[in-house]
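Residue-level listing of the chains:
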Amino acid sequence: GDPPRAAFEVDHVDHEKWRGWSVVAHGTFAPVDVSELAGHRLPRPWAAGSRDLFARMTITSISGRRLGEGWDSEAAMPARVLLGEDDG
């Protein structure tokens, strides 16, 4: 049958400035055998406890929104990539 459907959400709240953002990815889910991860760095979850299930998500759609006012998109991004600029 069809692979199970899944959603993954990431949020950020800036309590001081009364704003935040949320991004949701939708797609399908498939378990990953640990042997496929040999030689790769494994994720480090922030929550305590052991993790013995790894999964792969194939994203079919992604959406997001910002909440609050006074956003500077460039300053708000945790990471920025400048395309087409010379590194030298």
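Here, every reference points to the structure presented above.
Residues numbered from 1 in each chain as written. Predicted model: local features only at pLDDT ≥ 70, side-chain atom pairs only at ≥ 80, totals over all residues. Heavy atoms only, no water.

**Q** Please explain the overall build of the chain as it appears in this structure.
**A** Summing up its helical and strand segments, the chain has one helix and three strands in all. Mapped from its N terminus to its C terminus, the chain presents α and β elements in the order β-β-β-α. Buried positions account for 11% of the 88 residues belonging to the chain. At a minimum sequence separation of 6, the contacts of the chain that also span at least 24 residues come to 57%. Entry remark: accessible area of the chain is about 8,100 Å², with carbon and sulfur atoms responsible for 55%. (Helix = DSSP H or I, 4+ residues; strand = E, 2+ residues; numbered from the N terminus. Buried < 20%, exposed > 50% of the residue type's maximum accessible area, 1.4 Å probe, protein only. Contact = heavy atoms within 4.5 Å. Areas by Shrake-Rupley, 256 points an atom, 1.4 Å probe, with all protein chains shown as cover.)

**Q** What's the story with the sheet that holds strand β2 (residues 19-32) in this structure? I'm lost.
**A** Consider a sheet: its strands pair through backbone hydrogen bonds, and that pairing is either parallel or antiparallel. Read from one edge to the other, the open sheet built from three strands follows the order β1-β2-β3, with strand pairing classed as antiparallel. Only two strands of the sheet have a single partner each, and these edge strands are β1 (5-14) and β3 (54-67). When the angles between neighbouring strand axes are averaged without regard to direction, this sheet yields 20 degrees. Relative to β2, β1 runs antiparallel, the two sharing 10 bridges. Bridge assignment links histidine 12 to a residue of β2, and that residue is tryptophan 21. (Pairing = 2+ DSSP bridges. Axes fitted to C-alpha atoms, helices over the stretch in contact; angles between N-to-C directions.)

**Q** How should a nonpolar patch on the surface be read in this particular structure?
**A** A grouping of Val23, Ile59 and Ile62 is seen on the molecular surface, where their side chains present a nonpolar patch of about 270 Å² in accessible area. Structurally, valine 23 can be placed in strand β2. Residue valine 23 is classed as partly exposed on the basis of its relative accessible area of 31%. (Patch = residues over 30% accessible without salt bridge, like charges linked within 9 Å, V, L, I, M, F, W, Y side chains within 5 Å. Salt bridge = Lys/Arg side-chain N within 4 Å of Asp/Glu carboxyl O.)

**Q** Would you mind showing me how to read the environment of glycine 70 here?
**A** Note that glycine 70 resides in the loop between β3 and α1 (73-76). Judged by relative accessible area, glycine 70 falls into the exposed class, the value being 61%. Glycine 70 sits 51 residues away from arginine 19 along the chain, and the two C-alpha atoms are 8.6 Å apart.

**Q** I keep staring at the side chain of serine 22 and nothing clicks. Help me out?
**A** Along the chain, serine 22 turns up in strand β2. Under the relative-accessibility criterion, serine 22 is labelled buried at 13%. Of note is the side chain of serine 22, whose polar atom sits 3.1 Å from the side chain of glutamate 9. Beyond its immediate stretch of four places on either side in the chain, serine 22 contacts Glu9, Val10, Asp11, Ser63, Gly64 and Arg65. (Polar contact = N/O pair within 3.5 Å; in protein donor to acceptor, adjacent residues only side chain to side chain.)

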